[in-house]
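Chains, contacts and geometry: an overview
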Amino acid sequence: MRTTRFAAVAAPFGRDLDECFARIGRVLALSRARGVRMVALPDACLGGYAADADDAPPVLDPDGPEVRRLAQLAGDMVVCAGYRERGVVRYNSAVCVTGDGVLGRHATGEPFGAFDTPVGRIGMMIGYDKAFPETARALAADGAEIGVCLSAWPASSGNSSPDLGRDRWTRRFDLFDRARAVENQLLWLSANQSGTFGDVRFVASAKVVDPSGDVLATTGTAAGAAIADVDVAEAVGLARQAMIGRVGTATSASGDSSDTGSVPVAAWQ
């Protein structure tokens with residue numbers, strides 16, 4: 001068995017890039033100390049949410065100093081993060097890095113594809129992409145073992161609940177995560193913004209879902225990190241065998257899991 005420790009993060013990020021990087025640095029330092037090998041950060045974690053045209057997030061060059069800074073912070077870990085990309089049309093983008101540089105990218109409007117990393121073959125998507133079955137299917141068809149969705153997913157703006165756990169958009173967020181994982185037998189990492197940005201409330205609910213659709217760890221509606229140990233090859237392989245009628249039950253974790261589960265935000269604020 002080759003078990004890897006994964007973390008999906010729920011955290012608030014604003015406009016100040018130095019503050020964003022300071023928070024990312026704390027998250028990654030804590031993750032590294034707990035033996036995490038891959039971290040999924042939210043969409044818009046480099047510059048905050050695109051709330052309105054009068055208060056837009058910074059636009060970043062995909063080969064610019066901010067992505068290089070993220071790679072430096074990643075070091076020996078694999079880190080996925082979301083930002084707003086500079087171009088003729090500005091759009092949300094996701095990047096996956098290690099200390100050696102960029103492993104893969106995905107931008108809004110581009111085809112969905114997978115790429116190889118030290119922890120397995122990964123495919124990324126952004127926010128509402130996961131509402132559509134075809135997106136995750138395209139990643140699986142390209143050989144992805146791990147699906148990563150980076151979100152800045154808000155609570156319902158109409159008929160919302162004061163209890164985020166009962167909000168209909170929280171329920172949809174959680175349902176999509178489990179559905180995309182089990183449909184395609186992918187290990188699924190779902191990161192999200194938490195807290196508020198202006199009038200927008202984010203549902204948090206970062207989680208790690210195994211290829212059978214079971215939630216291994218979640219932050220719930222609070223900020224924090226959902227951490228789980230997974231033997232990716234075994235879990236994906238057994239889940240796919242089970243889906244075509246062969247014997248076997250997918251397993252997700254092994255070894256010492258004392259540091260897995262949900263790590264509260266207070267640990268790295």
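Residues numbered from 1 in each chain as written. Predicted model: local features only at pLDDT ≥ 70, side-chain atom pairs only at ≥ 80, totals over all residues. Heavy atoms only, no water.

A word on unusual backbone geometry. Generally, phi is negative for residues other than glycine and the peptide bonds are trans, each holding for most cases. The backbone phi angle of Ala-44 is positive, close to 60°, even though this residue is not glycine. Relative to the helices and strands, Ala-44 resides in the loop between β2 (38-40) and α2 (65-74). You can call Ala-44 buried: its relative accessible area is 9%. Despite not being glycine, Gln-185 shows a phi value in the positive range, around 50°. Relative to the helices and strands, Gln-185 resides in the loop between α4 (168-184) and β9 (187-193). By relative accessible area, which is 10% here, Gln-185 ends up buried. (Helix = DSSP H or I, 4+ residues; strand = E, 2+ residues; numbered from the N terminus. Buried < 20%, exposed > 50% of the residue type's maximum accessible area, 1.4 Å probe, protein only.)

We now examine the state of the cysteines. Throughout the structure, instances matching the rule amount to zero disulfides. Free of any disulfide, Cys-20 has its nearest cysteine sulfur in Cys-45, 7.2 Å distant. For Cys-20, a relative accessible area of 2% translates into the label buried. Cysteine Cys-149 remains unbridged, with the sulfur of Cys-80 as its closest cysteine sulfur at 11 Å. (Disulfide = S-S within 2.5 Å.)

Time to look at the packing of aromatic side chains. Under the counting rule described, the total for this entry stands at eight aromatic pairs. Measuring from ring centre to ring centre gives 5.3 Å for Trp-153 and Phe-173, while their planes differ by 65°; the resulting arrangement is edge-to-face. One end of the pair, Trp-153, is in the loop between β8 (146-151) and α4; the other, Phe-173, is in helix α4, with 20 residues separating them in the sequence. In terms of burial, Trp-153 and Phe-173 fall into one category: buried. An aromatic cluster is built from Tyr-128, Phe-132, Trp-153, Trp-169, Phe-173 and Phe-176, whose rings are joined through pairwise contacts. The aromatic ring of Trp-153 is capped on one face by Lys-130, whose charged end is 5.3 Å from the ring centroid. Positioned above the aromatic ring of Phe-173 is the side chain of Lys-130, whose terminal nitrogen or guanidinium carbon lies 3.1 Å from the ring centre. (Phe/Tyr/Trp six-rings, centres within 6.5 Å; stacked < 30°, edge-to-face > 60°. Lys NZ or Arg CZ within 6 Å of the ring centre and 35° of its normal.)

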